[in-house]
Each structure stands twice: as C-alpha cells, then as structure tokens.
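# A look at the structure
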2 protein chains.
Amino acid sequence: MKLLYVIGIGPGKRSGMTLEAQSAIEQSGLIVGYHVYVDLIKDDYPDKEYYTTPMTQETERCKEALRRANEGTTVAMICSGDAGVYGMSGLILQLAEEYPEVEVEVIAGVTAAMSGAARLGAPLMHDFAVISLSDRLTPWEKIEKRLRLAAEGDYVIVLYNPSSKARSDYLMRACDILLEHASPETACGLVESIGRNGEQAQVLTLEALRNTSVNMFTTVFIGNSQTMISGDKLVTPRGYRL
Amino acid sequence: MKLLYVIGIGPGKRSGMTLEAQSAIEQSGLIVGYHVYVDLIKDDYPDKEYYTTPMTQETERCKEALRRANEGTTVAMICSGDAGVYGMSGLILQLAEEYPEVEVEVIAGVTAAMSGAARLGAPLMHDFAVISLSDRLTPWEKIEKRLRLAAEGDYVIVLYNPSSKARSDYLMRACDILLEHASPETACGLVESIGRNGEQAQVLTLEALRNTSVNMFTTVFIGNSQTMISGDKLVTPRGYRL
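A short tour of the structure in this document, coming up. (Residues numbered from 1 in each chain as written. Chains lettered and ligands numbered in written order. Predicted model: local features only at pLDDT ≥ 70, side-chain atom pairs only at ≥ 80, totals over all residues. Heavy atoms only, no water.)

## Looking at the pattern of salt bridges
Inclusion rule: Any carboxyl oxygen of Asp or Glu within 4 Å of a side-chain nitrogen of Lys or Arg constitutes a salt bridge here. A run of H or I in DSSP becomes a helix once it reaches four residues, and a run of E becomes a strand once it reaches two; helices and strands are each numbered from the N terminus. Relative accessibility thresholds used throughout: buried, under 20% of the residue-type maximum; exposed, over 50%; partly exposed, between the two (1.4 Å probe, protein chains only).
Inspection of every chain in the model, using the stated rule, returns 30 salt bridges over all chains. Across the salt bridge formed by Arg68(A) and Glu49(A), the nearest N and O atoms sit 2.9 Å from each other. You can see Arg68(A) sitting in helix α3 (residues 58-70) and its partner Glu49(A) sitting in strand β3 (residues 49-53), a full 19 residues away along the chain. Residue Arg68(A) is classed as buried on the basis of its relative accessible area, which comes to 17%. Salt-bridge contacts for Arg14(B) lead to Asp44(B); the nearest nitrogen and oxygen are separated by 3.7 Å. Taken as a pair, Arg14(B) in the loop between β1 (2-8) and α1 (19-27) and Asp44(B) in the loop between α2 (35-41) and β3 (49-53) lie far apart in primary sequence, 30 residues in all. The class for Arg14(B) is partly exposed, based on a relative accessible area of 31%. Through salt bridges that share partners, Glu49(A), Arg68(A) and Glu71(A) make up one connected network.

## Digging into the environment of Ser15(B)
Quick reminder of the rule: Contacts: residue pairs with any heavy atoms within 4.5 Å of one another.
Among the secondary structure elements, Ser15(B) is positioned in the loop between β1 and α1. Since its relative accessible area comes to 25%, Ser15(B) is described here as partly exposed. Once you skip the residues sitting within four places of it in the chain, Ser15(B) turns out to touch Thr18(A), Leu19(A) and Glu20(A).

## A short note on unusual backbone geometry
Phi angles above zero are rare outside glycine, and Asp154(A) is one such case at about 55°. Structurally, the position occupied by Asp154(A) is in the loop between α6 (140-152) and β8 (156-160).

## Details of the relation of the copies chain A and chain B
Quick note on the threshold: Least-squares superposition of the copies uses the C-alpha atoms of those residues scoring a pLDDT of at least 70 in each of them.
Overlay of chain A on chain B (RMSD 0.0 Å): rotation 180°, translation along the axis 0.0 Å. Such values leave the two copies arranged in the relation of a two-fold axis. In this assembly, 100% of the residues forming the interface of chain A have copies in chain B that are likewise at the interface, indicating an isologous arrangement.

## Observations regarding the interface of chain A and chain B
Rules: Summed over both partners, the accessible area (1.4 Å probe) lost when two parts come together is defined as the buried area.
Between chain A and chain B, the contact holds 69 residues from the first and 70 residues from the second. When chain A packs against chain B, close to 6000 Å² is buried across both sides, 60% of that on carbon and sulfur atoms. Of all residues in chain A, Arg146(A), Arg238(A) and Tyr240(A) give up the largest surface area on contact with chain B, accounting jointly for 12% of the area buried on that side. Counting across the interface, chain A meets chain B through 6 salt bridges.

## Concerning the sheet that holds strand β6 (residues 121-122) of chain B
All names here are of chain B. Rules: Two strands qualify as a pair provided that DSSP identifies no fewer than 2 bridges between them.
One open sheet holds the 3 strands; their spatial order is β6-β13-β12, and the pairing between them is mixed. One side of each edge strand has no neighbouring strand; the edge strands of this open sheet are β6 and β12 (228-230). Where β12 meets strand β13 (residues 233-235), 3 bridges bridge the pair, whose relative direction is antiparallel. By the bridge assignment, Ile229 is partnered in β13 with Leu234.

## A word on the packing of α6(A) against helix α7 (residues 170-178) of chain A
Residue and element names in this part refer to chain A. For clarity, the cut-off: What counts as an axis is a line fitted to C-alpha atoms, over the stretch in contact for a helix, and the angles between N-to-C directions run from 0 to 180 degrees. Put simply, angles under 35 degrees are roughly parallel, angles over 145 are roughly antiparallel, angles from 65 to 115 are roughly perpendicular, and the rest are oblique. Left-handed describes a crossing whose near helix is turned anticlockwise from the far helix by less than a right angle; the clockwise case is right-handed. Polarity classes work like this: nonpolar for Ala, Val, Leu, Ile, Met, Phe, Trp, Tyr, Cys and Pro, charged for Asp, Glu, Lys and Arg, and polar for all others, with Gly in that last group.
Orientation of α6 relative to α7, taken along the N-to-C sense of each, is 40°, at an axis distance of 9 Å. Looking at the two axes, α6 sits oblique to α7. α6 and α7 meet at a crossing whose hand is right-handed. Contacts between α6 and α7 pair Trp140, Glu144, Leu147, Arg148 and Ala151 from the former with Tyr170, Arg173, Ala174, Ile177 and Leu178 from the latter. Grouping the constituent residues of the contact of α6 with α7 by class yields 7 nonpolar, no polar and 3 charged.

## Quick notes on the environment of Ala21(B)
All names here are of chain B. Following the sequence through the fold, Ala21 ends up in helix α1. Remark: the alpha-carbon pair of Ala21 and Gly10, spanning 11 residues in sequence, is separated by 9.3 Å. Once residues lying within four places of it in the same chain are set aside, the contact partners of Ala21 are Ile7, Gly8 and Ile107.

## What to know about the side chain of Thr53(A)
Residue and element names in this part refer to chain A. In plain terms, the rule: Polar contacts, as used here, are pairs of N or O atoms within 3.5 Å; protein pairs need one atom able to donate a hydrogen and one able to accept it. Residues neighboring in sequence count only if both atoms are side-chain atoms.
Secondary-structure assignment places Thr53 in strand β3. Of the residues examined, Thr53 reaches a relative accessible area of 4% and is grouped as buried. A distance of 3.3 Å separates a polar atom in the side chain of Thr53 from the backbone oxygen of Gln57. Among the polar contacts listed, one links the side chain of Thr53 to the side chain of Arg61, at a separation of 2.7 Å. Those residues in contact with Thr53 that lie beyond four places of it in its chain are Gly33, Tyr34, His35 and Arg61.

## Some remarks on the sheet that holds strand β7 (residues 128-132) of chain A
Read from one edge of the open sheet, 10 strands run β10(A)-β9(A)-β11(A)-β8(A)-β7(A)-β7(B)-β8(B)-β11(B)-β9(B)-β10(B), paired in mixed fashion. Two strands close off the open sheet at either side, each with one partner strand: β10 (200-205) of chain A together with β10 (200-205) of chain B. For this sheet the average axis-to-axis angle between neighbouring strands, irrespective of direction, equals 15°. Alignment of strand β9 (residues 187-192) of chain A against strand β11 (residues 218-222) of chain A, held across 5 bridges, turns out to be antiparallel. Opposite Glu192(A), over in β11(A), you have Thr218(A) as the bridge partner.

## Re the side chain of Arg146(A)
Here Arg146(A) shows up in helix α6. On the basis of relative accessible area, Arg146(A) is assigned to the buried category, the value being 1%. A distance of 2.8 Å separates a polar atom in the side chain of Arg146(A) from the backbone oxygen of Gly153(B). Once you skip the residues sitting within four places of it in the chain, Arg146(A) turns out to touch Ile131(A), His126(B), Asp127(B), Gly153(B), Asp154(B), Tyr155(B) and Asn224(B).

## Regarding the packing of aromatic side chains
Put simply, the rule is: Any Phe, Tyr or Trp ring, taking Trp's six-membered ring, that has another such ring centre within 6.5 Å forms a pair; planes under 30 degrees apart are called stacked, those over 60 apart edge-to-face, and the others tilted. Any Lys NZ or Arg CZ found within 6 Å of a ring centre and within 35 degrees of that ring's normal is scored as a charge over the ring.
Under the defined criterion, the tally for this structure stands at 6 aromatic pairs over all chains. Here the aromatic rings of Trp140(A) and Tyr170(A) are separated by 4.7 Å at their centres, their planes lie at 50°, and the arrangement is tilted. In this pair, Trp140(A) sits in helix α6 while Tyr170(A) sits in helix α7, placing the two residues 30 residues apart along the sequence. Tyr170(A) shares its class with Trp140(A); the two are buried. Taking the centre distance of 5.2 Å and the plane angle of 75° together, the rings of Tyr34(B) and Tyr37(B) count as edge-to-face. For the residue pair Tyr34(B) and Tyr37(B), the accessibility class agrees, reading buried in each case. A cation over an aromatic ring shows up here: Lys42(A) above the ring of Tyr50(A), its NZ or CZ 5.1 Å from the ring centre. Geometry around Tyr155(A) places Arg146(B) over its ring, the cationic atom sitting 5.6 Å from the centre.

Given below as structure tokens:
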C-alpha cells in the first residue's frame, strides 16, 4: 500500500504529540515539512530522510510528498499544531487526486487554539471563532467582516498569524474592529512560542492588546463579554452554578 | 506540591492521547470524570482510584477533585477531547480559588473539531466557528444569533452537542437558520463516535443534513461556500495555486 500521513505534531515539544502521530512518524521513511517544524523533531528521529521547503513553497512541498509516496516510500508530511487548521491536509487531498494509488491518512494534533488556551487557563469554554489575520490567501475585507461578525456574536476569538514583518499593524487594525462591539476592558491573552523554547504568556485587556506588538509565533485570545482575568489566568465561565 | 491535572484525553482511543496526558494520568492517584470517559481509559490503568459522577453533576465532580487534591492526592480530572472546549477546565479554575494551595495544570487534547475533521478530510482549512447546540447553559436565542452570524461570515462551522433526547429537532432548527445565508448544496459532514467503537462518518449536503437524525456523540461540520465533497472526503480549499 502506498501511504502518505499528514500529521499534526502539536505545539512543539514531543510530549504534545499524540501516540498515533508518533507511531506514524516511526513508520515513515521520509519526513516532509516546513523547515522550522522539521527542526522540532529531527533530533528525535535521526535515521529518517528529510525534505523541507521554505514558507511560500507549500505546493511544491506537497507535490514532492505525493510523488515519493507514489514511488513506494511511506511519507509523513508534518505540520505544527493540527494539519487541518491552516495546515497542509487540504492541499494534499486536493493534489492527491492525481495519485489515486496513494492513500492519504490525516492524523489530528493539538492546534494552538487548544494548547494556548491550556497555557492561559480556560478561555475557550464557550463558543469560539478561529480567524487567521494573514491576507496572503484571503482578502483583508473578508477577514475584517469575519472579525466584525464574531465580535457581534460575542464569540471568544482566537487569532492565528497575528503579525509578520509585512503586516506589523494587522493586530492593531483587528483590535480596532473588535472594539466597535467589544468593551476596551474585554479580557484577552496571548501566548508566544507555545511548548517551545522561549514560551511566554500574558493576560491583558483588549485596549492594551491593541497597543502590543506580537510576532508570527504568537496566538492571540480575545475573550467574550463574560471572560475574566483571575490572577495570571484567563477564564470564560460556561454558566455552571458554583 | 498539591497538584490537580485537568486533562483532555482526545477522542477516545488511547492512541489519540498526547504523551503529556498519558504521563499526567500515570502520575495521578485518583482519576475523576464523567463515567463514559472514565470507562474509555479504565482498563489501561487498573491500579488507580476512580471517582465518577453523572452528566448534570459537574460542579460536585470538580469540587471532589479539588478536595482530594487539597488533601494531598495527585488528581487527574479527565475530559474527552480537550478539557478547555466545553470541558471542565473553566469550572475547575473558578472553584480552585477556594483552594489556593492546589496547583491546577491544564493539559490540552485533540478536540472533536480536529479529530472529526481529520476523519472527514480537511474541512477546517479556513476560518471556522465552534458552536454548541446545547441550551442547558446558554439561551437558545444566543445560539441562534451565533449561527446566523457564522453563516453570514461564511465561516466553516462545527457543531457540538447537536442532539439529545430532549432536543431531537435542534439540528434541524440550526440548519434552517444556516439556510437563510448558505446554499442547500453547501458541503457538510458528520462523524459519530470519533475514535471509538462504532465510528461512522458521512458527507452530505446541508439540505440532506437538515433531514438527518444524529445522536449526542456526533460532531457536525458545515462547510463554507468553497468547501467541496470529493469522493468520501470534505475539503475546504485555502487558496493555494495547484
């Protein structure tokens, strides 16, 4: 059987990986991925073959994974977090139509919305929306619209890709949109480099978040109207009687 | 140190658990949880003490976990999926204020949005909203409003708790609201008993979903306007050039 695993490896450290993900990597001869994520696991699996491409070459990365699987090598395409959340599982499945003999198996992982939330406390206890601020593949107007509607619906909001060199003011622009509906005192949090060296977490108000600089390895949480800051924790009550 | 772990054990089978979750359970003397989830892991850890309560006694369950941790037993409060997504981490952190000596550590897991998506293919590749249809703790009007706004924003939508004995028509009511904005041909999927005995997955249109009965162990996926059904897979393209 020709087999291609698309694997979410979780936030970074090996202990955040599922047993299933670990077993799939062990069964694979070739590991494919974005070089930053491959570096997270390379030391644990020194005997594997590796293929990496830079950020903007996702299509080439996926095609190479499919070609090699089609030649008979069991391949693990690894993604940070979950392969299905802004990861490679969609692109692989689209391109896989040209390789009908390759069986694609997607193995879920812990995405930053979950691992970041655990680090901050319990911000996601109620309905939530996950939005990427990257406009590389999505028009900014669509992102703005989704931000507006999520705030109007009093969703807890998780922002992925909140910043990059070319988009340093995007988080500020997003906060300004949210502030049309949400109070400046809304409880928020951010986590940088979840589960990796240099991990940092912070709770703060939406007003303070607006004036905070973050990097591309940061995940941002905006509470709903009920979310509270308690010490260094961010907690959204679900409505249980205490 | 007095320690209480709040652990997401993933969808069901042990291989979906993270290494960190497994290690925390091994370090604990007492495992606390809803009896259905405790049954999923009990055979793997025969030497532990167990404490379970039925569905509506979450507060009592959390208080007992905190009391026992405060007495010096390391406790694992387990939740299915992720402890922070409609799980117990929020309630534990709220109640923990009365037990300042107990350190609470939340350990993230793979929630049904991720594990169900992996089973269906790649429906979550774009911005998504997670909504529970249970109105036990949330007014139905608020749920309706969030459904409407999510459909208006062309979010991919994941529905938790889509049905119960007392709420057998809630999924139909939700679909009717979504159909105000979304096409009847919108690509959808559902997964029942993810990672457990009797797992079943199905892809179907929103119109067909409206007339489908599901049980409380089902997670429902409603695609955005770009989501496609391809064979037995549900895929949302992210916009890469193929």
